[in-house]
Amino acid sequence: MMYGYGILNNHVPTLKATFASDFSISMWVNYDVVKSSQMFIANLTIGGSVRGWFVESTANSLRFRGFNSGGSDAFNVLKSSYTPSTGTWIHYVFVHKNNDNRMYENGTLIASDTSSATHCGYDNPNYPMIGANKYDASTTQEPFDGKIDETNLWSKALTATEVTELYNAGTGKFYPY
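Residues numbered from 1 in each chain as written. Predicted model: local features only at pLDDT ≥ 70, side-chain atom pairs only at ≥ 80, totals over all residues. Heavy atoms only, no water.

## Topic: the overall build of the protein
Filter applied, for reference: For helices the rule is a DSSP run of H or I covering at least 4 residues; for strands it is a run of E covering at least 2, with both sets numbered from the N terminus onward. Accessibility here uses a 1.4 Å probe with only protein chains present; expressed as a share of the type maximum, an area under 20% marks a residue as buried, one over 50% as exposed, and anything in between as partly exposed. By definition, residues are in contact when any of their heavy atoms lie within 4.5 Å. All accessible-area figures derive from a Shrake-Rupley calculation using a 1.4 Å probe, and residue coverage is judged against the displayed protein chains alone.
Scanning the protein from terminus to terminus reveals one helix and 14 strands. Buried positions account for 47% of the 177 residues belonging to the protein. Pairs at least 24 residues apart make up 61% of the contacts formed inside the protein by residues separated by at least 6 positions. Roughly 7,500 Å² of accessible area belongs to the protein as shown, and the carbon and sulfur atoms make up 48% of that amount.

This is the structure in structure tokens:
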């Protein structure tokens, strides 16, 4: 099943992706400014203990990170060194399937890891948030400075062929797998 959103700083109301099951996230992003920390999408519970996952851009890396159910163990599921450019649409896809995690940029695999990320099980009552991290009921953090479009979440792991087809569909379009 696929859920698609072309919005910024809004909740994704239908899917809770956990590392206990396969899922994929795709989005088109266009940076206005490159900052030290900007969230593309986050599904975190903060306050007490940190639990969940997020996709973050920094000035020199792209990270797909998770936190365990106790919140004390932050780990990079995937990390890729890169320098983002401003004013250009970029397509990103993040795939989790068992212990196979992959990150794509413009249809090209830029990072993969087969180490276990399944220990990131959590009990997170929140839904993912696009374009920021929801710290608590009234506070957001690390907003994305730019545009995010066609954010799609799948309850399956996209294949490399599907990722390529998705990218080749073009800016602002999505392929309904």
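## Remarks on the pairing of strand β8 (residues 89-97)
We count it as follows: For two strands to be treated as a pair, DSSP must find at least two bridges joining them.
Buried residues dominate β8, accounting for seven of its nine residues. Pairing geometry for strand β3 (residues 23-31) and β8, over eight bridges, is antiparallel. By the bridge assignment for β8, Met27 is matched with Tyr92. Here β8 pairs with strand β9 (residues 100-105) via six bridges, running antiparallel. If you follow Lys97 over to β9, its bridge partner there is Asp100.

## Some words on the packing of aromatic side chains
What counts here: Working definition: a ring pair exists when centres of Phe, Tyr or Trp rings (six-membered ring for Trp) sit within 6.5 Å. Plane angles under 30 degrees give stacked, over 60 give edge-to-face, the rest tilted.
Summed over all chains, the structure comprises nine aromatic pairs. Geometrically, the ring pair formed by Phe40 and Phe144 is edge-to-face, given 5.4 Å between the ring centres and 70° between the ring planes. Here Phe144 lies in the loop between β13 (140-141) and β14 (146-154) and Phe40 lies in strand β4 (residues 38-45), a separation of 104 residues in the sequence. For the pair shown, Phe40 and Phe144 are each scored as buried. A connected cluster of aromatic rings, assembled from ring pairs, spans Phe23, Tyr31, Phe40, Phe64, Tyr82, Tyr92, Phe94 and Phe144.

## Quick notes on unusual backbone geometry
Here the phi dihedral of Asn106 falls at roughly 50°; this positive angle occurs in a residue that is not glycine. Within the secondary structure, Asn106 sits in the loop between β9 and β10 (108-113). The class for Asn106 is partly exposed, based on a relative accessible area of 26%. For Glu150, which is not glycine, the phi torsion reads 50° and is therefore positive. Inspection of the secondary structure assignment puts Glu150 in strand β14. With relative accessibility at 14%, the residue Glu150 sits in the buried group.

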